[in-house]
Structure formats: C-alpha cells, structure tokens
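As a plain string of letters, each chain reads:
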Amino acid sequence: MDPELLEWITARRADLDELEEQLAKQLVEVPAERNELAVAERVLEPVNEQLAGERASAAPMPGQVGGRAVMLIPHRTPDVEETKLPPDYQRILAAVQQAAGPVMARQIGEMLEVDVSVRAKLEPLRGKLVTLADRGWLRKLPDGRFTTCL
C-alpha cells in the first residue's frame, strides 16, 4: 500500500476518533443543559407572573372614555399610596400639601408654574383638583378652596 495513502488514512481515523469523542461528550451535555433550562423555565415563570402583577398594580390603569384613552385616578384608601397617581396629579397633591392652608386653583397653578392668566390652562388644573377631591385625596371647601384631607 502507498505510504502516503496509509498516512492519510491514519490521520483521518485520528480526526474521526477526535470528532466522535467530541460528539459523544456533546450528546451527554445537551440533555443535561436541556434539563437545566427546564428548571430555569419552571422557576422564572412564576417570578415573571409575579413581576407582571406588581407592574400592573403599580401603574395607574388607563381607561376608555368616548373611545379615548384616559388615566383613571384611584380612590384614596389605606392600601393605595400617592405613587399610584399619575405624575402630574402627584405634583398637584404635593403643592397642596406644601401650602400653608386652603388654596385656590389659581394659587396651585402659580406654584406649578402654570400660566394662570389663561383660563384654558387653569381650568384643566381645577378639574384635576376636583378629581383629587372626589377621589378622597383632597378636600374641596364650600368657598372653592382645596386643602389636604385629615
């Protein structure tokens, strides 16, 4: 037999033996890794569901009015924190809390740097104040001023 051919066959056999060893090792590793992934899925699934629930309960829930998306303002209860309010409502609530006493919508507008000389900018603020009062976050006094709840 040709010595070059014999050398090629020997080298090829060594390559195939090495490849077979690598494949046998992978055949053992693949099922083990699949089992690890299955365990990870079983652990992550309830964690993802819990996180999704926490995110959903932490964010204000949007609603639909007349086909338009609107932000629903939750009623104030012992288990509902101010952080459940949309950011602009949180700012309004904080401004009323910082005031020395009952305040008019115009005063809150000035505190929040709203152009109170423009009625179209003041009225939405007044509407938000009324909404906060309706939901128990603020008190609206008979004279139209707003104050914090006791």
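Owing to the predicted nature of the structure, the values given are computational and were not obtained by experimental measurement.

Peer 1: What is the right way to look at the side chain of Thr-147 in this model?
Peer 2: Turning to its location among the elements, Thr-147 is positioned in strand β4 (residues 146–148). A relative accessible area of 14% places Thr-147 in the buried class. The residues contacting Thr-147, other than those within four sequence positions of it, are Val-96, Pro-102, Leu-138, Arg-139 and Leu-141.

Peer 1: Looking at this structure, I do not really get the nonpolar core. What am I missing?
Peer 2: A general trend in soluble globular proteins is that nonpolar side chains are found buried together. Of all hydrophobic cores here, the largest spans 22 residues; its most connected members are Ile-108, Leu-129 and Leu-132. Secondary-structure elements contributing two or more residues to this core are α2 (87–98), α3 (105–111) and α4 (119–134). Setting aside residues up to four positions removed in sequence, Ile-108 forms contacts with Ile-92, Ala-95, Val-96, Val-103, Leu-125 and Leu-129.

Peer 1: What is the right way to read the pattern of salt bridges from this model?
Peer 2: When their charged atoms lie close together, side chains carrying opposite charge are able to pair. Within the structure shown, the criterion is met by four salt bridges. In this structure, Arg-126 and Glu-123 form a salt bridge, with 3.3 Å as the shortest nitrogen-oxygen distance. Of the two residues, Arg-126 and Glu-123 both sit in helix α4, three residues apart, roughly one turn of that helix. Residue classification places Arg-126 among the partly exposed residues on the basis of a relative accessible area of 29%. A salt bridge links Arg-145 to Asp-143; the shortest N-O distance between them is 2.6 Å.

Peer 1: Please clarify how a negative patch on the surface should be interpreted in this entry.
Peer 2: A cluster of acidic residues, Asp-15, Asp-17, Glu-18, Glu-20 and Glu-21, forms a negative patch at the surface. Structurally, the position occupied by Asp-17 is in helix α1 (residues 3–58).

Peer 1: Sorry, what's going on with the packing of α2 against α4 here?
Peer 2: The geometry of a pair of packed helices is captured by two quantities: the angle between their axes and the separation between those axes. Relative orientation of the contacting elements α2 and α4 amounts to 80 degrees, with a least axis distance of 10 Å. Classified by the angle between their axes, α2 and α4 sit roughly perpendicular to one another. For the pair α2 and α4, contact is made by Asp-88, Tyr-89, Ile-92, Leu-93 and Val-96 and by Leu-125, Lys-128, Leu-129, Thr-131 and Leu-132, respectively. For the contact of α2 with α4, the residue count by class is seven nonpolar, one polar and two charged.

Peer 1: Would you mind showing me how to read the environment of Val-96 here?
Peer 2: As for its placement among the helices and strands, Val-96 is situated in helix α2. Take Val-96: its relative accessible area is 2%, and that puts it in the buried class. In this structure, the C-alpha to C-alpha distance between Val-96 and Ile-108, residues 12 residues apart in sequence, is 6.8 Å. Among all residues touching Val-96, those that are not within four sequence positions of it are Val-103, Ile-108, Leu-129, Leu-138, Phe-146, Thr-147 and Thr-148.

Conventions we followed
Residues numbered from 1 in each chain as written. Predicted model: local features only at pLDDT ≥ 70, side-chain atom pairs only at ≥ 80, totals over all residues. Heavy atoms only, no water. Helix = DSSP H or I, 4+ residues; strand = E, 2+ residues; numbered from the N terminus. Buried < 20%, exposed > 50% of the residue type's maximum accessible area, 1.4 Å probe, protein only. Contact = heavy atoms within 4.5 Å. Core = buried A, V, L, I, M, F, W, Y, C linked by side-chain atoms within 4.5 Å. Salt bridge = Lys/Arg side-chain N within 4 Å of Asp/Glu carboxyl O. Patch = residues over 30% accessible without salt bridge, like charges linked within 9 Å, V, L, I, M, F, W, Y side chains within 5 Å. Areas by Shrake-Rupley, 256 points an atom, 1.4 Å probe, with all protein chains shown as cover. Lys, Arg positive; Asp, Glu negative; His and termini not counted. Charge placed at Lys NZ, Arg CZ, Asp CG, Glu CD. Axes fitted to C-alpha atoms, helices over the stretch in contact; angles between N-to-C directions. Parallel < 35°, antiparallel > 145°, perpendicular 65-115°, else oblique. Nonpolar A, V, L, I, M, F, W, Y, C, P; charged D, E, K, R; others polar.

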